[in-house]
Amino acid sequence: LAADLQQVPHATGVNNHMGSRYTESKEMMIELIDFLADSDLFFVDSYTTAGSRGMEVAMSRGLPVARRHIFLDNVQQSEEICQQIEKLVELSKLQDGAIGIAHPHAETLDALATCAPEILAQAEMVGAGELVR
């Protein structure tokens, strides 16, 4: 991770893309969270498993943390992605912020170019660092 972070010197936080078994391990998450704290980085838990210990460990150790609320492109169809973006905006209104995660698939990029501007005009887009607590 340290070597990867050297490739992105301006990173302010990290999230897990895969690794549900890892995030379910309190001991492993303590190791990761302590590393991130020493590196002055926040953590966004992709919450790929309901058993994730990411939020719990980060909060107990005072690390700024947030979690993903909606995956935008689990179904790689532009129309479905647009519906997920709508859900994200509605959720953000209900709870004063929400985090969506997507991938650089062609369908995702198409949805972001076509339907997203109109939908996202209803909300303020901010970096994940603005939503950590």
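Please refer to the structure higher up on the page.
Values in this document were obtained by computation on a predicted structure and should not be read as measured data. (Residues numbered from 1 in each chain as written. Predicted model: local features only at pLDDT ≥ 70, side-chain atom pairs only at ≥ 80, totals over all residues. Heavy atoms only, no water.)

*Asks:* Please set out the sheet that holds strand E1 (residues 13–15) residue by residue, giving values where relevant.
*Replies:* As a general point, the strands of a sheet are linked pairwise by backbone hydrogen bonds and lie either parallel or antiparallel. Judged by pairing direction, the sheet is parallel, and its three strands sit side by side in the order E1-E2-E3 without closing on themselves. With partners counted over all chains shown, the strands left at the sheet margins are E1 and strand E3 (65–67), one partner each. Strand-to-strand twist in this sheet, taken as the mean axis angle between neighbours without regard to direction, amounts to 20 degrees. Across three bridges, strand E2 (residues 42–45) lies against E3 in parallel orientation. Bridge pairing in E3 places Asp-45 opposite Arg-67. The sheet strands contacting helix H3 (residues 26–38) are E1 and E2, and the helix crosses E2 at an angle near 140 degrees. (Pairing = 2+ DSSP bridges. Helix = DSSP H or I, 4+ residues; strand = E, 2+ residues; numbered from the N terminus. Axes fitted to C-alpha atoms, helices over the stretch in contact; angles between N-to-C directions. Contact = heavy atoms within 4.5 Å.)

*Asks:* Residues and numbers for the state of the cysteines, please.
*Replies:* This model, assessed by the stated rule, comprises one disulfide. In this model Cys-82 forms its disulfide with Cys-115; the gap between the sulfur atoms is 1.8 Å. Taking the torsion about the S-S bond as the criterion, the Cys-82 to Cys-115 disulfide, at about -100 degrees, is left-handed. Of this pair, Cys-82 sits in helix H5 (residues 78–95) while Cys-115 is found in the loop between helix H6 (106–114) and helix H7 (116–120), placing the two residues 33 residues apart along the sequence. (Disulfide = S-S within 2.5 Å.)

*Asks:* I'd like to hear about the packing of H5 against H6, residue by residue, with values.
*Replies:* At a minimum axis distance of 8 Å, the contact between H5 and H6 shows a crossing angle of 55 degrees. Taken together, the axis directions place H5 and H6 in an arrangement best described as oblique. The two elements H5 and H6 meet at a crossing, and its hand is right-handed. Between H5 and H6, the residues in contact are Ser-78, Ile-81, Cys-82 and Ile-85 and Glu-107, Thr-108, Asp-110, Ala-111 and Leu-112, respectively. The residue inventory of the contact of H5 with H6, partitioned by class, reads five nonpolar, two polar and two charged. (Parallel < 35°, antiparallel > 145°, perpendicular 65-115°, else oblique. Left-handed = near helix turned anticlockwise from the far one by under 90°. Nonpolar A, V, L, I, M, F, W, Y, C, P; charged D, E, K, R; others polar.)

*Asks:* Requested: an account of the layout of surface pockets, with residues and values cited.
*Replies:* Empty space within the largest pocket amounts to approximately 700 Å³. Lining the largest pocket we find 26 residues, and of these Leu-88, Ala-98, Ile-99, Gly-100 and Val-126 sit closest to its centre. Counting only elements with at least two residues in the lining of the largest pocket, the list comes to E1, E2, H5, strand E5 (100–101) and H6. The leading source of residues in the lining of the largest pocket is H5, at four residues. (1 Å grid on protein atoms, 1.4 Å probe; cavity = no way out; pocket = protein on both sides within 12 Å on 5 of 7 lines; lining within 4 Å. Points joined across faces, edges and corners; volume = space filled by probe spheres on them.)

*Asks:* I'd love a proper account of the packing of aromatic side chains, names of residues and values included.
*Replies:* Aromatic ring pairs: the centre-centre distance and the angle between the two ring planes describe each pair. Within this structure, the stated rule accounts for zero aromatic pairs. Directly above the ring of Tyr-47 sits Arg-67, whose terminal nitrogen or CZ lies 3.7 Å from the centroid. (Phe/Tyr/Trp six-rings, centres within 6.5 Å; stacked < 30°, edge-to-face > 60°. Lys NZ or Arg CZ within 6 Å of the ring centre and 35° of its normal.)

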